[in-house]
Each structure stands twice: as structure tokens, then as C-alpha cells.
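# Remarks on the overall topology
Here is what each chain is made of, one letter per residue.
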Amino acid sequence: MNEIYVDLAVIGGGPAGLASAISAKESGVEKVVVIDRNSWLGGILPQCIHDGFGVEEVGKSLTGPEYAEMYIKKAEEKGIKFMKETMVLSFNKKLQILAVNKKGLYTINSKSIVLATGCREKTRWHALIPGTRPSGIYTAGVAQSFINLYNIMPGKKVVILGSGDVGLIMARRFTLEGAEVAGVVEILPYASGLPRNVVQCLEDYEIPLFLNHTITLIEGKERIEAVTISKVDENMNVIEGSEKRIECDTLLLSLGLIPENEIAKTARIEIDDLTGGAVVNQDFETSIPNTFAVGNCLQVYDTVDVLSIDAKTAGKYAGEKLVYGGKEKFNCIKVVPGNGIRYVVPQKIDRTGKVIISLRVRKPGENLTLVIKAKNKEIFNKKMPWVNPANMVRMEFNVSEEIFSYESIEVELK
């Protein structure tokens, strides 16, 4: 058994993990290690060859590999150590990490841990699509890796189920590679990806978007041959007689992402059923002291820029807590989603000062107001010209000592 001692261990070498590690190092932490099961750093970014990364954060448009390389170089310059091709098996409340690689088992003794384990894609079984089980069915991310990393075309005539951002981007990618995208099928009455991606990836290429539709049958024995799409009503029930058969040799699934938190669950970290990520305070600290959650394992972000900004905040606080002992804490108050709000992060607040709340709304709307209230007393509001479930909303407000006289505060849309 190999034994290692570090100040801060970051589990996950994607953008969130790298950003938090760099920020912690800049806060004065000496021994920082980033652990990743892949042979490369940057998470999924190396296969995202389109540009648009970094606009909000650094003011210029980068491709995924360029954005990843920016952080990798910075981490190397800071003297951060990497353990690649290393799988974390578990960790405990003493912050001892059990990991394995080709050199054997490791016990990594840390004073603080940052969880940056990312997310995974939903599969066909999350949508419960009836029909046969032929080849030619892929998640959007897998198809993206085939084309962008391995120069393999998965198919020539494609149907995409779900209008998540990766699915929209892949609709454009397939078209540019000469394939025919017969349509993007979305069960909701609106696209679940960013509005800019609907325009740039579908409308600009005249790819049809079938809203209020789902796939009700898959055909094919060896290879997928066709799908049947059907319209749904407001209760998501299939409308009989609305069936439309579309021939295809490839079906892409863009059904959304699930935070990857198996390690956190085995450590008994409190998980929010609404987000699938850890319950955290305003500094991204979980229910286990000195353990933080950042990136898509906390909540699924719209853009890598905002993800990295939050990860830097977590890394900075983790570092300051190690070096200086942290800030004065109060009794925890809960932050709960109210009318029109699907979820909020953080789910608790335990100190005064500036707090940024991230949230998603339940449905699109215009000319609304976001309100924070405690026992029907309004303590903050923000006018919203429009809201959309695809766009994460962020609101900043100042927490005073007065708030800690309440058990909880509620965020609602009205």
C-alpha cells in the first residue's frame, strides 16, 4: 500500500477540478494533487472542438482543447501534481482517499478534498423507448467523441432525441460532415438547450425541431432502420393518430446529464434529490467539513465559463480555510425553492457577506420577478425580462446577521 500526504486533493481533472486546484494554490496551499481516471486532463473538453469557450471568463472565444490547455499549463506552472490513470475508490470522513492505478493501491491522506467528478449522459433506458435493440443508437457525447477524436462517422441519416446542448451541437456537426439530420425530437414545448444553439445549430442549417414529440418505436434488427415519432399532449401522453415514421440509420440521445456522485454517496455526503448533487453552503462546502463539490457533479452548468468561476470560488475558500482557518460561521439556514423554481444552489447559508444563488426555473416566462423571502417578508428581488429552464439564473445578494434569525429563506418567481 502506497501512502501519500497532501494538503488538498482534487478528485477529477476536468475544468472544475483544474480551476479549483489553481485557485487553492494561489490562496497559499502548498501540496495540491489532482487525481483523474483518464490518461489526459481536461475532462470532456478535448472532444469539444467547436469554439465559444472562455467568452464570459477570459473575453475570447476558444475551442474546448484550447480552453483545457489554458488551465493545464497554468496548473503545471503552479506546481500542482497530477495522478492520471488513477481511479478513486472511496474516501472517508477523516479525508483519507483510497485510489488505485497500475502501480498499485494508494492511501492519500488529505486535509481537504474537492469533488470535481463531473456528470454522465442519460441513456435510452431513461426514456423507456419501446422497440428492438439494434446497433446505431448512441448518446450524443459518445457520437461526438467518435467524430472529433477518432475520425469515425457513426451514420449517414440521423434522428436526435432530446434538444440538449450537446445534441444540438452534434446536429450541426453531422450536417457539416455530410450526413442528413432528419430532425431533433423534443418532448417539451420548448428546446432544452441554449437558445443560441437552437439558432446556430438547427435554424441556420434548416434542421427541423419537433417540439411536443417523442419517439414511440425503434425499428431494425441488426442496425436501426427507422423510428416512429408521436405528438404528446400537455400531460406528456401520446396522442393517437399523430405518428410519423422516419427512416434513419442512427439515433442520437441527448436526454440530459446526471451528476456523477457515487463516491460522494459512499462517503455519506448529503445529496439534494432535486439537483442530484451534494448539498452545499455558499462556499461549496458539503455536509462533511473541508470537503467541497464543484462543477457538473454539483449541478449541470450551461457554460464552462460559469462552472470554472464557481470552482475558483470553492478552491479559494478551501485554500483560505486551510491556511487561515476560514470565516466566522452562524447557525445554518436553509435556502429552498418556491413557486416556479426547480432547484437552488447553495441549499444552505452559514455566514454573512456576498452570496451568489444559482437556480433553474420550471418553465419559460417573461416580465417576472425573482424574490427571496423569509416568513413572507421580502428581503431581495430581481426583475427578469425573461426566463427559460435552459438558462441558469444567477442572483447575488448580501447576507446580513438578521437573516440568521430565520430557519430558512425561500426563492420564488412571481
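To keep things clear, this report deals only with the structure shown in the data block.

Definitions and limits used
Residues numbered from 1 in each chain as written. Predicted model: local features only at pLDDT ≥ 70, side-chain atom pairs only at ≥ 80, totals over all residues. Heavy atoms only, no water. Helix = DSSP H or I, 4+ residues; strand = E, 2+ residues; numbered from the N terminus. Rg over C-alpha atoms; globule rule 2.2 N^0.38 Å. Buried < 20%, exposed > 50% of the residue type's maximum accessible area, 1.4 Å probe, protein only. Contact = heavy atoms within 4.5 Å. Core = buried A, V, L, I, M, F, W, Y, C linked by side-chain atoms within 4.5 Å. Right-handed = clockwise from strand over helix to strand, strands pointing away. Pairing = 2+ DSSP bridges. Salt bridge = Lys/Arg side-chain N within 4 Å of Asp/Glu carboxyl O. Polar contact = N/O pair within 3.5 Å; in protein donor to acceptor, adjacent residues only side chain to side chain. Axes fitted to C-alpha atoms, helices over the stretch in contact; angles between N-to-C directions. Phe/Tyr/Trp six-rings, centres within 6.5 Å; stacked < 30°, edge-to-face > 60°. Patch = residues over 30% accessible without salt bridge, like charges linked within 9 Å, V, L, I, M, F, W, Y side chains within 5 Å. Areas by Shrake-Rupley, 256 points an atom, 1.4 Å probe, with all protein chains shown as cover.

Time to look at the overall build of the protein. When helices and strands are counted, the protein shows nine helices and 27 strands. Relative to the compact-globule value of 22 Å for 414 residues, the protein shows a C-alpha radius of gyration of 22 Å, a close match. Each principal axis of the C-alpha distribution contributes one length, and for the protein these read about 65 × 60 × 40 Å. Looking at the protein residue by residue over its 414 residues, the buried ones come to 53%. In the protein, the share of contacts with a sequence separation of at least 24, taken over all contacts with a separation of at least 6, comes to 63%.

Membership of the largest hydrophobic core comes to 63 residues, with the highest contact counts inside it found for Ile11, Ile35, Phe91, Ile97, Ile108 and Leu115. The element contributing the most residues to this core is helix α9 (residues 304–324), with seven residues. Setting aside chain neighbours within four positions, we find Ile35 in contact with Ala9, Val10, Ile11, Gly12, Gly13, Met83, Thr86, Val88, Ile97 and Ile108. With 24 residues, the next largest nonpolar core counts Val344, Leu359, Ala374 and Ile409 among its residues.

The next point concerns the pairing of strand β3 (residues 32–35). Each regular strand displays side chains that alternate between the two surfaces of the sheet. Residues of β3 alternate between two faces, with Val32 and Val34 on one and Val33 and Ile35 on the opposite face, all of them buried. Regarding the hand of the β-α-β motif, the stretch spanning strand β2 (residues 8–11), helix α1 (residues 15–26) and β3 is right-handed. Across three bridges, the pairing between β3 and strand β4 (residues 81–83) is parallel. Within the sheet, the bridge partner assigned to Val34 lies in β4 and is Phe82.

Moving on, we come to the pattern of salt bridges. Summed over all chains, the structure comprises 17 salt bridges. Two residues, Glu247 and Arg245, come together in a salt bridge whose shortest N-O distance is 3.5 Å. The salt bridge involving Glu412 is made with Lys373; its shortest N-O contact spans 3.3 Å. Taken together, the residues Glu412 in strand β27 (residues 408–413) and Lys373 in strand β24 (residues 365–374) connect sequence positions 39 residues apart. Of the two residues examined, Glu412 and Lys373, each falls in the buried class.

Here we take up the environment of Asn296. One can find Asn296 in the loop between β19 (291–293) and α9. Among the residues examined, Asn296 registers a relative accessible area of 18% and is labelled buried. When the C-alpha atoms of Asn296 and Gly277 are compared, they prove to be 8.2 Å apart, with 19 residues separating the residues in sequence. Setting aside residues no more than four positions away along its own chain, Asn296 makes contact with Gly118, Cys119, Pro259, Tyr301 and Leu307. At a separation of 3.0 Å, a polar atom in the side chain of Asn296 contacts the main-chain amide nitrogen of Tyr301.

Once that is clear, we can look at the environment of Asn38. Along the chain, Asn38 falls in the loop between β3 and α2 (55–58). Its relative accessible area of 23% is what places Asn38 among the partly exposed residues. Note: C-alpha distance between Asn38 and Gly12 (26 residues apart in sequence) is 9.1 Å.

Okay, the sheet that holds strand β7 (residues 104–109) next. Spatial ordering of the open sheet is given by β1-β7-β6-β5, a layout of four strands whose pairing is mixed. With one partner strand each, in any of the chains shown, β1 (2–5) and β5 (87–91) form the two edges of the open sheet. Strand after strand, the sheet turns through a mean of 25° between neighbouring axes, direction not considered.

Here we come to the pairing of strand β15 (residues 226–231). Where burial is concerned, most of β15 is hidden: five out of the six residues are buried. In the sheet, strand β14 (residues 213–219) pairs with β15 via six bridges, with the strands oriented antiparallel. Counted as the bridge partner of Thr214 is Ser230 from β15. Between the antiparallel neighbours β14 and β15 lie six residues, among them Gly220 with a positive phi of about 135°. Pairing of β15 with strand β16 (residues 244–247) involves four bridges; the strand directions are antiparallel. Bridged to Ala226 within β16 is Glu247.

What links the strands of a sheet is backbone hydrogen bonding, and the strands pair in either a parallel or an antiparallel sense. Strand order in the open sheet formed by five strands is β10-β17-β11-β12-β13, and the pairing between neighbours is parallel. With partners counted over all chains shown, the strands left at the sheet margins are β10 (137–139) and β13 (209–210), one partner each. Taken together, the four bridges between strand β11 (residues 157–161) and strand β17 (residues 250–253) define a ladder with parallel strand orientation. Paired with Val159 across the two strands is Leu251, which belongs to β17. On top of the sheet, helix α5 (residues 140–150) reaches β10 and β17; it is set at about 95° to β10, its chief contact.

Turning next to the packing of aromatic side chains. In the structure shown here, the tally under the stated rule is five aromatic pairs. When the centroid spacing of 5.6 Å and the interplanar angle of 80° are considered together, the rings of Tyr138 and Phe146 count as edge-to-face. Accessibility expressed as a relative area gives 19% for Tyr138, which makes it buried. One aromatic cluster is present, built from ring pairs that chain together Phe53, Tyr67 and Tyr71.

With that settled, consider a nonpolar patch on the surface. Side chains of Met1, Met87, Leu89 and Leu105 sit close together on the surface and give an oily, nonpolar patch of about 390 Å² of accessible area. With respect to the helices and strands, the residue Leu105 is situated in strand β7. You can call Leu105 partly exposed: its relative accessible area is 37%.

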